[in-house]
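Chain residues, written in single-letter form:
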Amino acid sequence: MQRGPLVLVVLAVLVVGTLPGPVAAAEPTVSIAVDDTPMAAGDRLVVPEDPMLRVNASARTTVERVAVRVDGSTVETWAPGTERVSERVRLDLRNEPQTVQVVVTGSDGSVNSTRVTVEKDAVAPFVGFTQPFESDQLGQPPAEVPLSKSRVTLAGTLEDSVGVEFVRITRKHRVQGTAGYTVASETHVIRDPGDSFSQELFFGPGRNDVSVVVQDRYGNSRRYELAFPIDDRTEPTVSLDSVPERTTSSAVYVNGTAADNVQVDSVSYAVFGDVARRSVVVGQGRGADPERQQIEFSRKVELDPGPNRITVWARDTSGNEVRELVIVDYVRNVVPTVSVDEERTHLVASEAVHVYGAARDGRVSSVSVETVDADGTVVDFEQVYDGGEVWDDVSFEEELALADTGETTVVVRAVDADGTEHVTRYGVPTPDAGGVSEPVDGGGADGEGASAGTGGEADVAEAAGETSANTATAVQDGGFGAFAVAALLVVVLSLARLRHATVDVPIEKYVDFDDTRPSLPSFSRFRR
């Protein structure tokens, strides 16, 4: 058996497997920073201007070549021939995301690279308006946007790579005055709006100029100039509260609300027959004023007897006008109410009656009050009022004599503006029938009597009884002279009490509407 050739083949394989092969070279190292911000492969960075790129590289042997490429095009190369290298270069970028790649080659043929994305944001934010008109973000908005109302929402969407820092909206309203134009401005600032904004504005009549400034976090800003002329052809509205169709009052209140899509200038009214209108809300000019979009008003309107046609006008700042008409029938109440104040009317010393009363709620031309006896004969008379003018209310307070015998009646006569006399009668009870009480002035500080603090017939009778007893004693002790003095003292004291007494007497009321006989008395106060 021959084994020689097989042994040689195995040895050859073993020998070949132990021979040294070619050794792989180590990759160079590379690190980069953009505007001093270290970046790893795949990072993304936004910068406000062309950035500075710094490159650090090293190799196991020497760095043969360093290449900087932007979007695949080489923009810078270095051939240092040293083991380590540090270089920098200003990148000229467009205003869009771009790929920056650095490639390092060693002298031994080894290669390494890194790639990042850099976006230069030197572009201001864009606005796409959505209210009160629409425009594309990259397009130009219209120079002028006519509107028909004052209260408007200005809104839009925002586009920027780093985010909008603020939106500043300034409204300027130009008003023509007597001395020329005046400009009123109002500014609103919306910070950190995100990707959209919305702001309510109030425009005045005429031309309104609006500037919108948007700025991103790098200070890039963009301005939009807009014009909003207000073309108001819509009439204002007037809403009146209800007023009575018929009234006996000489005046009514006209209340309501005036509103407009721009703003109310004035509100006025007139009653048919008036030469000119009367102002309720005075115009304040054409300056933008949100408070005048809706105005509440109230005015007292004097009425004439009969139907009154009341017209209310509302005018807006563009001259548009609307009117509302109401008719109120003023029915003057001519017939007065004649009355006597029973609680205050009283007898005076059983010889006269003190009468309180009034003719009210009518048109009174004269008032008289009198007392008559049972036969109708006039006992006393006073003309309260007969001044020739007509008054709504006439009140009176008169003292009249009572009839010598029998019943006494108080008669009040009031003549209205039409010449019709209205009569009211009141029967005066006699003091005996009515149980008249007469308070006595005892001279105390609080009006009470010196002893018991009460007065009236009971006190008089009691005093008379006591005096009679004393008188009897006087007759026994001192004879007729003492009796005469005591009797005279009783009379004096009784008269003094009656003199200062005021007696409240209930009075029975009789009303005779058919009695229109003329008669006349006096007055204490009256109202026209």
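Since the model is a prediction, treat every value here as computed from it, not as a measurement.

Caption draft 1: View of unusual backbone geometry. A cis amide bond links Gln-131 with the next residue in sequence, Pro-132, at an omega value of -5°. Its place among the elements puts Pro-132 in the loop between β9 (126-131) and β10 (151-159). Although it is not a glycine, Asp-35 sits at a positive phi angle of roughly 50°. Structurally, Asp-35 can be placed in the loop between β1 (29-34) and β2 (37-39).

Caption draft 2: Seen up close, the sheet that holds strand β21 (residues 294-302). One open sheet accounts for three strands, arranged β16-β18-β21; its pairing is antiparallel. Only two strands of the sheet have a single neighbouring strand rather than two, namely β16 (237-240) and β21. Adjacent strand axes in the sheet meet at a mean angle of 25°, parallel and antiparallel pairs treated alike. Note: β16 against strand β18 (residues 251-259), four bridges, orientation antiparallel. Bridge pairing in β18 places Val-238 opposite Ala-258.

Caption draft 3: Fine view of the packing of aromatic side chains. In total, this model carries six aromatic pairs according to the counting rule given. Both rings, one in Phe-133 and one in Phe-228, keep their centres 6.4 Å apart while their planes meet at 40°; by these two values the pair is tilted. With Phe-133 in the loop between β9 and β10 and Phe-228 in strand β15 (residues 221-230), this residue pair connects regions lying 95 residues apart in the sequence. Neither Phe-133 nor Phe-228 differs from the other in exposure class; each is buried. Where Tyr-385 meets Trp-391, the ring centres are 6.2 Å apart and the plane angle is 90°; that geometry is what we call edge-to-face. Residue Tyr-385 is classed as buried on the basis of its relative accessible area of 5%.

Caption draft 4: The environment of Glu-324, seen in detail. Locating Glu-324 in the fold gives a position in strand β23 (residues 321-330). Residue Glu-324 is classed as partly exposed on the basis of its relative accessible area, which comes to 35%. Put simply, Glu-324 and Thr-311 are 13 residues apart on the chain and 5.7 Å apart in space, counted from C-alpha to C-alpha. If we ignore the near neighbours within four places in the chain, the residues touching Glu-324 are Val-238, Leu-240, Ile-310, Thr-311 and Val-312.

The rules we used
- Residues numbered from 1 in each chain as written.
- Predicted model: local features only at pLDDT ≥ 70, side-chain atom pairs only at ≥ 80, totals over all residues.
- Heavy atoms only, no water.
- Helix = DSSP H or I, 4+ residues; strand = E, 2+ residues; numbered from the N terminus.
- Pairing = 2+ DSSP bridges.
- Axes fitted to C-alpha atoms, helices over the stretch in contact; angles between N-to-C directions.
- Phe/Tyr/Trp six-rings, centres within 6.5 Å; stacked < 30°, edge-to-face > 60°.
- Buried < 20%, exposed > 50% of the residue type's maximum accessible area, 1.4 Å probe, protein only.
- Contact = heavy atoms within 4.5 Å.

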